[in-house]
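Analysis of the macromolecular model
One letter stands for each residue in the lines below.
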Amino acid sequence: MPFSRTAISGPQNAAPSLVIVGAGPRGTGVLERIAANAPELYAGSVLDVHLVDPYPPGGGRIWRPDQSPLLWMNSEAQDVTMFTDDTVDMAGPVRPGPTLHEWAAVGGRTFAGRQLQGAYLAWVYEQTVAALPPGIRVHRHTRRALRVSGPREGRQQVWLEGRPRPLPADLVVLTLGHLDAEPDEEQRALAAYAREHGLVYLPPDFTADSDLSALAPGEPVLVRGFGLAFVDLMVLLTEGRGGRYEDDGRGEPTYLPSGREPVLYVGSRRGVPYHSKIGYDWEGERPPLPRFFGPAEVDALLARPWGSPRSSEAESGGKFDFRRDVWPLVEKELGFAHYHRLFSAHPERTTAAWSGFEEKYASAASGAEVAALVASAVPDPADRLDLTALDRPLDGLRCGSYDELQDELRTYIRDDLDRRHNPLRSQDQAVFLGLLSVYGQLVRLGDIGPWWHGFFSHLASGPPGPRLRQMLALSRAGVLRFLGAETTVTAEDGVFRARGAGVPGAAVRARALVEARLPRPTVERTRDTLLRALYADGAAATAEGLLAVDPADGRVLDRSGAPHPRRFALGPHTDARGSGAFTRPRTGGPAFRQNDATARAVLEFLSALPCRAAA
C-alpha cells in the first residue's frame, strides 16, 4: 500500500468526511465499492475516509495474523472471493479479482489456514486503497469507536477511545463485524456458581480469543455446542497441546495424545456435528433457481397486511412467523433443487418422467401431496428429501449406556462423511445450492429469527471432511465423548452435570463447562459501547435484538421506522446481515449487493454537499 495514500491520522479540513467503523472484510468490501463507483458518482472531488478499527485492515479481528496456525477456514479456497462478478444484481460496475485459491496459488479444494486468509484480505485492502481516485484519502485510526453523536440533519461526531476530540463525519458507516456480548441471566448464574465452588466456566466467545489454560489435562470438560466453535476448541485442546495424527494404513487418522488434553464431553440440541462439507465437484446442469422462492414471493410476503417483519407485533394477523409464513416456500424450493438434480443426474433411481413430476410438484398444495408424489416416483427413501430428519437426526434414539451412544454417533458421522463425499448423492449438493439461493432472498425479509440460521449452518456450513475424521479419531482415543441430543446442563452438588436424551437417567459430572458458540449480537447485550449507545439514543431493534436497517441501502432505522440520513450499518449485528460466510464466485453475492447499494448511497449524498471541494 503506497504510504502517500494512507495515514495514521489526517488533518481536519473542509473536505467531506466519511467514517467507516470496522476495517474487517465488510468494511473493506464497502471501501472497494466506493472505489468502484467513485468515477461515476464522485469524479474529481476530494473526500476524507476515516477507517476506525484497533485490528489490522482487511482481516480485522477474526482474520488477524496473530492466531494459531492450526485454525482453518471453513470454506474451500476456490469458494472465497472479495470481488464482484456479473452475477451480482447491483448498479455499480464489476471489478473482478482473484479468489483466495488464485491469489495464494493453493489448490482450489484446500481449506486454507486463517492466517493465509488474513493475508489475502490485507492484500485486497491494499489494492482497494490503491484503486481510489486521487482525491479520496484514507486515514487509519487504530482505536475503538465509542459512540456517535450529532443531529439527524447535520454533521456527526465519532468519539474514539483515548482521544479528547471526535472525528467529524458527514456520514458514518458501521461495519462492526462479530461482537462480544454481556452474559445473559443463565450465563451470569453459571459464572457465579463456578466462582462459589472453584469451578471453570467459559461463556460464549470466539474460541481463538478464549483463555483455555484453566482446562486441566485429563479432566472432564462439558461442552455445549457442536458447531464450528466446537471444532476450533477441539483443535486447540488436542493438536494445540501437542497431540498429533498418524495414518492408520487404511487412509484414516489415528490420534496420538500428548497427555495434556482434557476429556471433552460434547452435546447440543441436535447432538451431532454440522454436516460435512461436500467433497466432490459439481457436474452437469444446475437447478434453475430461484423457482418457488424468489423476488416475487418475497415481494408478496412484504406486501401482506402484517407489515414489516422488523416489528415485533404485526399490524394484523399476529406476529410475522418464519415457520408458518416463510418456511413452506423455502421447503418447496429446497425440494425442487433436490429432485431436479435426482431426476436429471440419476434418473435410474426414479420411476417417472421429470416433466410430469415437476408439473405435479408445482401444483401440490400441501406437504402431504408432495410426500405422496415423491413416494410414487422415488422408490428409495434415501433418495427422498426429509428436512425434519435432517434437522433432528437423533430423534427417538435411546441407548443403554454412554458407550453404546458413542458407537451410534461414530456410525452417524462415518455415514455422513461417506454420503457427502459420494457424487452419486449429488442431490445433497443441489440442496446446498438451494440453501444459498434461499439465503439470498431472505436478506430482504430482515430478521427472521435464529432457527433458520442454525438450520442453514447445520446443512451448509459444516466442517471440512478431515475435521470430522479427526473427530472420529479423537473419539476412538477416548479424548472426545458424545453426550447426544437435547443436552441439558445443571449446576448442582458443587459440580456441573450434563444429561442427554440418548441415555435416559445418566449424567456426566465435571468441574468445567465451556459454551462452544458465538455470542449473540444483540443491541442490548453487546459489549460494543457504540452500538449500545446507538440503541439507547433511539435506533430501532428487531424482536431478536438486531439493529434494524433499511434493506435498500443499509441506513439505520429509528423506532418510528424512519431511516437516519447520515448513519448506515451492515453486517451480523444488523437484520440485513445475510450469510456469515464469504461469498462464493458467481453466486450473486447478497453482501456484494448490499455493499454496492450502501457505497452508491454514500457517494450520492456526499456529492450533493455544498462543501464538496475539487481534487
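Note: the structure precedes this text.
This text gives an overview of the structure that appears in the document.

Reading the values: rules and limits
- Residues numbered from 1 in each chain as written.
- Predicted model: local features only at pLDDT ≥ 70, side-chain atom pairs only at ≥ 80, totals over all residues.
- Heavy atoms only, no water.
- Helix = DSSP H or I, 4+ residues; strand = E, 2+ residues; numbered from the N terminus.
- Buried < 20%, exposed > 50% of the residue type's maximum accessible area, 1.4 Å probe, protein only.
- Pairing = 2+ DSSP bridges.
- Core = buried A, V, L, I, M, F, W, Y, C linked by side-chain atoms within 4.5 Å.
- Phe/Tyr/Trp six-rings, centres within 6.5 Å; stacked < 30°, edge-to-face > 60°.
- Axes fitted to C-alpha atoms, helices over the stretch in contact; angles between N-to-C directions.
- Left-handed = near helix turned anticlockwise from the far one by under 90°.
- Contact = heavy atoms within 4.5 Å.
- Nonpolar A, V, L, I, M, F, W, Y, C, P; charged D, E, K, R; others polar.

Description of unusual backbone geometry
The omega torsion across Leu289 and Pro290 is 0°, close enough to zero to call that bond cis. With respect to the secondary-structure elements, Pro290 resides in the loop between β13 (263–267) and α6 (295–303). Backbone geometry at Glu486 places phi at a positive 50°, although glycine is not the residue there.

Overview of the pairing of strand β16 (residues 495–499)
Burial analysis of β16 places four of its five residues in the buried class, the great majority of the element. Relative to β16, strand β15 (residues 488–492) runs antiparallel, the two sharing five bridges. Pairing of Glu492 across the sheet is with Val495, part of β16. Linking β15 back to β16 in an antiparallel pair, the connection comprises two residues, with Asp493 at a positive phi of about 55°.

Overview of the nonpolar core
Counting residues in each nonpolar core, the largest one holds 57 residues, and the members touching the most others are Leu215, Val223, Phe230, Met471 and Phe496. In terms of residue count, helix α5 (residues 228–237) provides more of this core than any other element does, eight residues in total.

Overview of the packing of aromatic side chains
Considering all chains together, one arrives at 28 aromatic pairs under this definition. Where Trp103 meets Trp123, the ring centres are 6.0 Å apart and the plane angle is 40°; that geometry is what we call tilted. Pair noted here: Trp103 is in helix α2 (residues 100–104) and Trp123 is in helix α3 (residues 114–131), with a separation of 20 residues, a long-range link. Residues Tyr245 and Tyr255 carry aromatic rings whose centres are separated by 5.1 Å and whose planes lie at 55° to one another, so their mutual orientation is tilted. With Tyr245 in strand β11 (residues 244–247) and Tyr255 in strand β12 (residues 253–256), this pair connects stretches of sequence that are ten residues apart. Here Tyr245 and Tyr255 have matching classes, each one buried. Members of the aromatic cluster, each reached through a chain of ring pairs, are Phe292, Phe336, Tyr339, Phe343, Trp354, Phe357 and Tyr361.

Overview of the packing of helix α7 (residues 322–345) against helix α12 (residues 427–442)
Contact geometry of α7 with α12 gives a least axis separation of 8 Å together with a crossing angle of 145°. Regarding α7 and α12, the two cross each other, and that crossing is right-handed. Along its contact with α7, which presents Phe322, Val326, Val330, Glu333, Leu334, Ala337, His338, Arg341 and Leu342, the element α12 presents Gln427, Ala430, Val431, Gly434, Leu435, Ser437, Val438 and Leu442. A breakdown of the residues in the contact of α7 with α12 according to their chemical character gives eleven nonpolar, four polar and two charged.

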